[in-house]
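# Analysis of the macromolecular model
If you want the building blocks of each chain, they are given just below.
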Amino acid sequence: MARLQDKRPYSSFSLLPLGLLNFLIYGTLVIFTAFFQLYLQDIGMDKLEIGSLMAVGPLISLVAHPFWKSLGDQRQNPRAILLVMMLGLLIMGHLVFKVTTFSMLYVTMILLYFFLSPLLSQNNTLTLGYLAETPDQFRTYRIWGSLGWTFIALAAGPIIDAVGHEGSSLLFSVTLMLAIGATLLLPTIRQASQTPWLKGRELRLALKNKYLVVFVLFSLLVAIPNAINTIFMPLFMIDLGGTRLSVGGAVFLSTVFEYLAFILLDRLFKRKLSYLLACTTIVSLLFAIRWDLMSEATLPVHIMLIQLLHSVTFGGFFYVGTKLIALLLPRPLRSAGQAVYTFAASGLASAIAGFWGGWMFQNFGPVVMYRSGVALTLIGALGLAAMWYQ
């Protein structure tokens with residue numbers, strides 16, 4: 001479909017709400033990611049039930065992303081699509097915090113993820129649309145998002161501690177309403193989607209590349225423990241006597257150096273296959289050390305300090321993985337390869353982590369859960385090392 005867009009340039013001042021929108025959307029996401037599982041525990045759910053609920057999102061995204069992309073292509077109005085998403089998310093978020101049975105909670109969570117899972121990609125589409133006719137860079141607005149994730153996580157903890165578990169619902173709704181307000185302040189834009197549809201033929205050809213398949217499988221083994229930590233680290237901190245403030249502090253410390261880490265990665269990494277395989281092997285070993293340290297943690301402050309490794313491990317692993325895909329495949333198949341890698345390392349890993357991590361935590365405790373993560377990561381690291389050696 002041909003690109004359709006307003007051609008008048010936007011001033012930096014007129015795009016100030018765009019920075020606020022990125023700040024608030026990332027803030028909304030961190031409230032859900034870091035504190036929602038604590039709310040579920042407060043209302044009496046066990047670890048396996050919590051994990052199974054959190055695992056629904058990646059599965060729903062398989063339907064949600066194509067639906068919203070198709071709607072965006074038809075309407076050619078990314079601002080309106082984002083507003084509909086946020087309004088639906090606001091309604092479903094309110095219902096999620098009100099239902100009283102597990103079956104109803106499961107249904108409302110499915111609907112909530114339908115609006116939540118594509119929210120970030122739609123926000124990126126809108127941001128890129130506004131920046132097409134300006135000298136501003138996408139990275140500038142990505143920093144706004146990182147600041148929102150970091151500082152709203154830190155601020156949310158004491159507020160929820162003071163208000164109680166209903167504070168999660170209040171913060172989620174207020175932050176989302178402010179994001180809706182920021183979107184309404186933006187100038188009107190009309191733009192067709194610039195992201196082409198992936199074709200089945202491209203995916204089939206990409207999956208015929210045995211190096212891609214092997215790399216994705218070993219990466220999946222490394223990614224699963226990271227997803228387990230994302231879901232269950234807040235619950236582990238509370239079990240160790242921590243508060244929402246300490247959980248927010250742990251999230252703050254995990255992302256506060258993210259931007260510096262990416263600048264360093266840009267300058268140090270070379271576009272050479274053997275070099276990048278060596279780097280991803282080393283980062284995977286650092287992941288294993290991180291999960292071993294988590295299994296030994298006995299105080300909330302231990303976890304907060306261990307989270308400082310997040311920028312290096314998570315940032316390094318996914319940064320290098322993305323660069324590797326570009327070297328493993330010819331240019332026409334790179335988008336398909338990136339889609340396969342992203343689905344495995346983020347979507348499938350999160351779904352497995354919810355069920356596997358919840359079962360391990362519920363039946364054997366957090367120490368065994370994290371040590372199983374060490375084992376999975378080491379297997380993945382050995383596989384990546386074998387690819388490097390060859």
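Residues numbered from 1 in each chain as written. Predicted model: local features only at pLDDT ≥ 70, side-chain atom pairs only at ≥ 80, totals over all residues. Heavy atoms only, no water.

## Quick word on helix H5 (residues 102–116)
If you check H5, its first and last C-alpha atoms are 20 Å apart, about what 15 residues at 1.5 Å a residue would give, namely 21 Å. Along H5, the residues classified as buried are Leu-105, Thr-108, Met-109, Leu-112, Tyr-113, Phe-115 and Leu-116. The buried residues of H5 occupy one face: seen down the axis, they fall within an arc of 150°. At its buried positions, H5 is contacted by helix H1 (16–42), helix H2 (47–54), helix H3 (56–75), helix H4 (78–96) and helix H6 (119–131). (Helix = DSSP H or I, 4+ residues; strand = E, 2+ residues; numbered from the N terminus. Expected span 1.5 Å × (residues − 1). Buried < 20%, exposed > 50% of the residue type's maximum accessible area, 1.4 Å probe, protein only. Arc of directions from axis to C-beta. Contact = heavy atoms within 4.5 Å.)

## Some details on the nonpolar core
Ranked by internal contacts, the top residues of the largest apolar core, which has 111 residues, are Leu-21, Phe-32, Phe-36, Met-86 and Phe-215. Of all the elements, helix H10 (residues 210–239) adds the most residues to this core, at 16 residues. (Core = buried A, V, L, I, M, F, W, Y, C linked by side-chain atoms within 4.5 Å.)

## Points about unusual backbone geometry
Positive phi values are uncommon outside glycine, yet Gln-76 reaches one of about 55°. Residue position: Gln-76 is located in the loop between H3 and H4.

## Thoughts on the packing of aromatic side chains
Overall, the coordinates contain 25 aromatic pairs when judged by the stated rule. Their ring planes at 75° and their centres at 5.3 Å tell us that Trp-359 and Phe-364 sit as a pair that is edge-to-face. For Trp-359, a relative accessible area of 37% gives the class partly exposed. Taken together through their ring pairs, the aromatic side chains of Phe-215, Phe-236, Phe-287, Trp-291, Phe-314, Phe-317, Phe-318, Tyr-341 and Tyr-370 make up a single cluster. (Phe/Tyr/Trp six-rings, centres within 6.5 Å; stacked < 30°, edge-to-face > 60°.)

## Considering the packing of H2 against helix H16 (residues 334–364)
In the contact formed by H2 and H16, the axes pass within 7 Å of each other and the chain directions differ by 170°. One element, H2, and the other, H16, form an angle in the roughly antiparallel class. On H16, the residues that touch Lys-47, Leu-48, Gly-51 and Ser-52 of H2 are Gly-354, Phe-355, Gly-358, Trp-359, Phe-361 and Gln-362. Considering only residue class, the contact of H2 with H16 consists of 4 nonpolar, 5 polar and 1 charged. (Axes fitted to C-alpha atoms, helices over the stretch in contact; angles between N-to-C directions. Parallel < 35°, antiparallel > 145°, perpendicular 65-115°, else oblique. Nonpolar A, V, L, I, M, F, W, Y, C, P; charged D, E, K, R; others polar.)

## With respect to a positive patch on the surface
Residues Lys-199, Arg-201, Arg-204 and Lys-208 make up a contiguous surface patch of positive charge. Within the secondary structure, Arg-204 sits in helix H9 (residues 200–207). (Patch = residues over 30% accessible without salt bridge, like charges linked within 9 Å, V, L, I, M, F, W, Y side chains within 5 Å. Areas by Shrake-Rupley, 256 points an atom, 1.4 Å probe, with all protein chains shown as cover. Salt bridge = Lys/Arg side-chain N within 4 Å of Asp/Glu carboxyl O. Lys, Arg positive; Asp, Glu negative; His and termini not counted. Charge placed at Lys NZ, Arg CZ, Asp CG, Glu CD.)

## Some details on a nonpolar patch on the surface
A surface patch of nonpolar side chains, about 680 Å² in accessible area, is lined by Val-256, Phe-257, Tyr-259, Leu-260, Leu-299, Val-301, Leu-305 and Leu-308. Only helix H12 (258–268) and helix H14 (300–306) provide two or more residues apiece to the nonpolar patch. For Tyr-259, the position within the fold is in helix H12. Judged by its relative accessible area of 35%, Tyr-259 falls in the partly exposed class.

## What about the pattern of salt bridges?
Taken as a whole and assessed by the stated rule, the structure comprises 4 salt bridges. Between Arg-244 and Asp-42 there is a salt bridge, with its nearest N and O atoms 2.4 Å apart. Placement of Arg-244 in helix H11 (residues 244–255) and of Asp-42 in helix H1 is noted, with a sequence separation of 202 residues between them. Residue classification places Arg-244 among the buried positions, given a relative accessible area of 13%. Of the charged contacts, one joins Lys-47 and Asp-239 as a salt bridge, the two residues approaching to 3.8 Å between their closest N and O atoms. Taken together, the positions of Lys-47 in helix H2 and Asp-239 in helix H10 put the pair 192 residues apart, joining distant regions of the chain.

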